[in-house]
Amino acid sequence: MFKKQWPAFVLAFILPLLAVFWWWGGFNAVSVTETDAGPYRYAYLDYEGPISDMRKSQRTALDKFTAAKVAAGDTISVILTDPRAANGKVRAQLGYTLADAAPIPDGLKEGRIERRPVYAAQVQAAVLLAPSKAYQALSDTLAPRGQAIAMPTVELYRPAGQANRIGTFTLEMNR
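One structure accompanies this document, and this report is about it. (Residues numbered from 1 in each chain as written. Predicted model: local features only at pLDDT ≥ 70, side-chain atom pairs only at ≥ 80, totals over all residues. Heavy atoms only, no water.)

### Concerning the packing of aromatic side chains
Next up, step 1: What the rule picks out here adds up to two aromatic pairs.
Next up, step 2: Ring geometry for Tyr42 against Tyr44: centres 5.5 Å apart, planes inclined by 45°, an arrangement best described as tilted.
Next up, step 3: Taking the relative accessible area as the measure of exposure, Tyr42 reaches 3% and is therefore buried.
Next up, step 4: Classification of Tyr44 as buried rests on a relative accessible area of 9%.
Next up, step 5: When the ring of Phe65 is compared with that of Tyr96, the centres are 5.6 Å apart and the planes differ by 75°; the resulting orientation is edge-to-face. Of this pair, Phe65 sits in helix H2 (residues 54-68) while Tyr96 sits in strand S4 (residues 89-97), and the two are 31 residues apart along the sequence.
Next up, step 6: The buried category is assigned to Phe65, whose relative accessible area is 1%. (Phe/Tyr/Trp six-rings, centres within 6.5 Å; stacked < 30°, edge-to-face > 60°. Buried < 20%, exposed > 50% of the residue type's maximum accessible area, 1.4 Å probe, protein only. Helix = DSSP H or I, 4+ residues; strand = E, 2+ residues; numbered from the N terminus.)

### Re the sheet that holds strand S8 (residues 168-174)
Next up, step 1: Taken in spatial order, the eight strands line up as S1-S6-S8-S7-S3-S4-S2-S5 in an open sheet, and their pairing is antiparallel. Edge positions in the open sheet fall to strand S1 (31-37) and strand S5 (109-113), since each of these has one partner strand only. Within this sheet the neighbouring strands show an average axis-to-axis angle of 30°, counted without direction.
Next up, step 2: Across five bridges, strand S3 (residues 75-79) lies against S4 in antiparallel orientation. Residue pairing for S4: Ile79 is matched across the bridge by Ala92. (Pairing = 2+ DSSP bridges. Axes fitted to C-alpha atoms, helices over the stretch in contact; angles between N-to-C directions.)

### Some details on the layout of surface pockets
Empty space among the atoms can be located by rolling a probe the size of a water molecule over them.
Next up, step 1: In this structure, the largest pocket encloses a volume near 700 Å³.
Next up, step 2: Met54, Arg55, Val127, Pro131 and Glu155 are the residues nearest the centre of the largest pocket, which is lined by 27 residues in total.
Next up, step 3: Residue contributions to the lining of the largest pocket peak at five residues, all from H2.
Next up, step 4: Looking at the lining of the largest pocket, its residues break down into 17 nonpolar, five polar and five charged. (1 Å grid on protein atoms, 1.4 Å probe; cavity = no way out; pocket = protein on both sides within 12 Å on 5 of 7 lines; lining within 4 Å. Points joined across faces, edges and corners; volume = space filled by probe spheres on them. Nonpolar A, V, L, I, M, F, W, Y, C, P; charged D, E, K, R; others polar.)

### Digging into helix H3 (residues 130-142)
Next up, step 1: For H3, built from 13 residues, the straight-helix expectation of 18 Å at 1.5 Å per residue is met to within 8% by its first-to-last C-alpha distance of 18 Å.
Next up, step 2: All of the buried residues in H3 are Ala130, Lys133, Ala134, Tyr135, Ala137, Leu138 and Leu142.
Next up, step 3: Elements in contact with the buried residues of H3: S1, S3, strand S6 (116-124), strand S7 (153-158) and S8. (Expected span 1.5 Å × (residues − 1). Contact = heavy atoms within 4.5 Å.)

Below, the structure written as structure tokens:
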């Protein structure tokens, strides 16, 4: 019975899943380079908890930007601890980049990262898919050199500015 229905199954389930994965950037390549990055000025909230709940705190930070009428730049997450070592729990600073003259919204802290040499993994993909692609590509690049991903890492996400486009995710790790 299944032999007769497999074309319908492919059309109804498999092709739509592949189409969504493609649209989210699941097939896009990640570029890993050695470069200099920064400086960054950002406003953030401290976060400690499951890596899966970070987006809620990120949203809270954005709400504080909106309430203060301060323009939020790119999403920035400074991941301080390795979630693999703590069963998915992480310490991080979650917020948004700021212009040099912009005030710090109430309830947020100011952070600065100076210009430094980094390994940078960059991919155009949906914000939910991009980190796993970037971390895997960085890990694959470092492994032949006898290196591994070391914290802290900096994650930047620049939205495309249009609802039908995906943004650019950049993962930075100090060299």
